[in-house]
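Residue-level listing of the chains:
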Amino acid sequence: MKQKICAMIPARIGSQRLKYKNLALINKKPMIYYAIEAAKKSGCFNKIFINSDHDIFSKIAKRYKVNFYQRAKKLGGSNIKSDSIVYDFMKNNPEFDILVWVNSIAPLQTGNEIKKVVNFFSRKT
């Protein structure tokens, strides 16, 4: 049976050091766009989600034709652990066997790099 693999791109609106960094423009595209495109180009995922507590990312998800998961506002603070975000997402999306966290603030990450990581860990399971 083939495993269902999901990409989750977490995005907060309120970064402490650089406000709205996921929306910062690089070559006229928001930074999060590059994570979305790399995830798409990897060809690894059954679904790609932007995971955020803020509505603006639902518009971005729609624009770039990926899914949007709106987490609770309480999971949007800078003091929230990554584990809490992953747990919440997996609890509400139990159909996936593997969840891959794709960083929204790594615009140089390529689809090929994502594919290599997913393939490495898929062989280990």
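Summarised in this report is the structure supplied together with it. Since this is a predicted model, take the numbers as computed values, not measurements. (Residues numbered from 1 in each chain as written. Predicted model: local features only at pLDDT ≥ 70, side-chain atom pairs only at ≥ 80, totals over all residues. Heavy atoms only, no water.)

Some remarks on the sheet that holds strand β5 (residues 67-70)
So, point 1. In spatial order, the strands read β5-β4-β1-β6; together these four strands make up an open sheet with parallel pairing. Every interior strand has two partners, whereas the edge strands, β5 and β6 (98-101), have only one. Between one strand axis and the next, the sheet turns through 30 degrees on average, direction left out of account.
So, point 2. Where strand β1 (residues 5-11) and strand β4 (residues 47-52) come together, six bridges link them in parallel fashion. When the bridges of β4 are listed, M8 appears paired with F49.
So, point 3. Strands in contact with helix α1 (residues 31-42) are β1 and β4; relative to β1, the strand with the most contacts, it is inclined by about 175 degrees.
So, point 4. Relative to β6, helix α3 (residues 82-92) is tilted by about 140 degrees, and along the sheet it contacts β1, β4, β5 and β6. (Pairing = 2+ DSSP bridges. Helix = DSSP H or I, 4+ residues; strand = E, 2+ residues; numbered from the N terminus. Axes fitted to C-alpha atoms, helices over the stretch in contact; angles between N-to-C directions. Contact = heavy atoms within 4.5 Å.)

Let's talk about the packing of aromatic side chains
So, point 1. In total, this model carries six aromatic pairs according to the counting rule given.
So, point 2. Relative to Y64, the ring of Y33 lies with its centre 5.0 Å away and its plane at 55 degrees, an arrangement referred to as tilted. Placement of the pair is Y33 in helix α1 and Y64 in the loop between α2 (56-63) and β5, with a sequence separation of 31 residues.
So, point 3. In this structure Y33 comes out as buried when scored by relative accessible area, which is 18%. (Phe/Tyr/Trp six-rings, centres within 6.5 Å; stacked < 30°, edge-to-face > 60°. Buried < 20%, exposed > 50% of the residue type's maximum accessible area, 1.4 Å probe, protein only.)

Overview of α1
So, point 1. With twelve residues, α1 should cover 16 Å at 1.5 Å per step; its first-to-last C-alpha distance of 18 Å lies within 8% of that length.
So, point 2. Counting buried residues along α1, ten of its twelve residues qualify, which places the element largely inside the surrounding structure.
So, point 3. Listing the buried residues of α1 in full gives M31, I32, Y33, Y34, A35, I36, E37, A38, A39 and S42. (Expected span 1.5 Å × (residues − 1).)

So, the side chain of S104
So, point 1. If you trace the backbone, S104 turns up in the loop between β6 and α4 (111-124).
So, point 2. Within the local environment of S104, its side chain forms a polar contact with the side chain of N22, the two groups lying 2.4 Å apart.
So, point 3. Setting aside chain neighbours within four positions, we find S104 in contact with I9, P10, N22, M31, I32 and A35. (Polar contact = N/O pair within 3.5 Å; in protein donor to acceptor, adjacent residues only side chain to side chain.)

Considerations on the nonpolar core
So, point 1. In terms of nonpolar packing, the biggest core is built from 26 residues, with I32, I36, F45, I50 and V102 touching the most fellow members.
So, point 2. Those elements that place two or more of their residues in this core are β1, α1, β4, α2, β6 and α4.
So, point 3. When residues of this core are assigned to their parent elements, the largest contribution, seven residues, is made by α1.
So, point 4. Contacts of V102, omitting those with residues within four sequence positions, involve A7, M8, I9, P10, A35, F45, Q109 and I114.
So, point 5. If you look at the next biggest cluster of nonpolar residues, it comprises seven residues, including M8, I85, F89 and F96. (Core = buried A, V, L, I, M, F, W, Y, C linked by side-chain atoms within 4.5 Å.)

Geometry only, nothing functional implied.
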